Amino acid sequence: MSADQVRLLEGLLDVPDGSRFSQLERLRTPVTRTSGTGIFRALQRVGEVAGLGLGALDVGVVPRRRVWELARYGLEAKAPTLRRHPYARKLATLLATVRALEARSVDDALDRRG
């Protein structure tokens, strides 16, 4: 990963001013309304996750099962917990989580079609 990608991943654990939740928590939260506004927000979420640009990173050297385990953990753990992990584990978990969010956000947007 490049230094910019590392900063981007670590930035997901930050809580923006005026917010109660980290960027990661916001991206993990699916849109629940099946309305025009809900569809629009779901598509915005897809764009935000895809816009991170981490889907193209090659994780082929890591067993698929391990990537999925890291993603599953990252989709459930709170940002302060992830922040306390050793550096390499934190980055691996965040990357796997973002990769899983890419697929999940598209699935959620398609489910909003009603």
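Residues numbered from 1 in each chain as written. Predicted model: local features only at pLDDT ≥ 70, side-chain atom pairs only at ≥ 80, totals over all residues. Heavy atoms only, no water.

Caption draft 1: How the structure looks around the overall build of the protein chain. Helix and strand counts for the protein chain come out as 6 helices and 0 strands. From first element to last, N terminus to C terminus, the protein chain shows the α and β order α-α-α-α-α-α. Scaling as 2.2 N^0.38, a compact globule of 114 residues should have a C-alpha radius of gyration of about 13 Å, and the protein chain matches this with 14 Å. Classification of the 114 residues of the protein chain by burial places 36% in the buried group. The long-range fraction of contacts in the protein chain, counting pairs at least 24 apart against all pairs at least 6 apart in sequence, stands at 67%. (Helix = DSSP H or I, 4+ residues; strand = E, 2+ residues; numbered from the N terminus. Rg over C-alpha atoms; globule rule 2.2 N^0.38 Å. Buried < 20%, exposed > 50% of the residue type's maximum accessible area, 1.4 Å probe, protein only. Contact = heavy atoms within 4.5 Å.)

Caption draft 2: The arrangement of the nonpolar core in detail. Counting 24 residues, the largest nonpolar core has Leu9, Leu12, Leu24 and Leu54 as its most contacted members. Once residues lying within four places of it in the same chain are set aside, the contact partners of Leu9 are Met1, Leu54, Leu91, Leu94, Leu95 and Val98. (Core = buried A, V, L, I, M, F, W, Y, C linked by side-chain atoms within 4.5 Å.)

Caption draft 3: How the structure looks around the packing of aromatic side chains. Enumeration over the complete set of coordinates arrives at 0 aromatic pairs. Lying over the aromatic face of Tyr73, Arg89 brings its terminal NZ or CZ to 5.2 Å of the ring centre. (Phe/Tyr/Trp six-rings, centres within 6.5 Å; stacked < 30°, edge-to-face > 60°. Lys NZ or Arg CZ within 6 Å of the ring centre and 35° of its normal.)

Caption draft 4: Representation of the environment of Ser105 within the structure. Residue placement: Ser105 occurs in helix H6 (residues 87-111). A residue is classified by how much of its surface remains accessible, and Ser105, at 1% relative accessible area, is buried. Taking the C-alpha atoms as reference, Ser105 lies 8.5 Å from Leu27; in sequence the two are 78 residues apart. When residues no more than four places from it in sequence are discounted, the contact partners of Ser105 are Arg45, Val46 and Val49.

Caption draft 5: Main features of the pattern of salt bridges. Within the structure shown, the criterion is met by 7 salt bridges. Glu48 is paired through a salt bridge with Arg26; the nearest N and O atoms lie 2.6 Å apart. Taken together, the residues span a long stretch of sequence, with Glu48 in helix H3 (residues 36-51) and Arg26 in helix H2 (residues 23-28) at a distance of 22 residues. In this structure Glu48 comes out as partly exposed when scored by relative accessible area, which is 34%. We note a salt bridge from Arg65 to Glu69, for which the minimum N-O separation is 3.3 Å. (Salt bridge = Lys/Arg side-chain N within 4 Å of Asp/Glu carboxyl O.)

Caption draft 6: Spatial organisation of the packing of helix H1 (residues 3-11) against H6. As a packed pair, H1 and H6 sit with axes 10 Å apart at the nearest point and diverge in direction by 80°. One way to sum up the angle between H1 and H6 is to call them roughly perpendicular. Residues Val6, Leu9 and Glu10 of H1 lie in contact with H6, whose contacting residues are Tyr87, Lys90, Leu91, Leu94, Leu95 and Val98. (Axes fitted to C-alpha atoms, helices over the stretch in contact; angles between N-to-C directions. Parallel < 35°, antiparallel > 145°, perpendicular 65-115°, else oblique.)

Caption draft 7: Structural context of the side chain of Thr93. As for its placement among the helices and strands, Thr93 is situated in helix H6. In this structure Thr93 comes out as buried when scored by relative accessible area, which is 0%.

Caption draft 8: Focus on the packing of helix H4 (residues 64-76) against H6. H6 packs onto H4 with a crossing angle of 85° between their chain directions and a minimal axis gap of 7 Å. Our classification of the angle between H4 and H6 gives roughly perpendicular. Listed contacts from H6 to Arg66, Val67, Leu70, Ala71, Tyr73, Gly74 and Leu75 of H4 are Arg89, Ala92, Thr93, Ala96, Thr97, Ala100, Leu101 and Arg104. For the contact of H4 with H6, the class distribution of residues is 9 nonpolar, 3 polar and 3 charged. (Nonpolar A, V, L, I, M, F, W, Y, C, P; charged D, E, K, R; others polar.)

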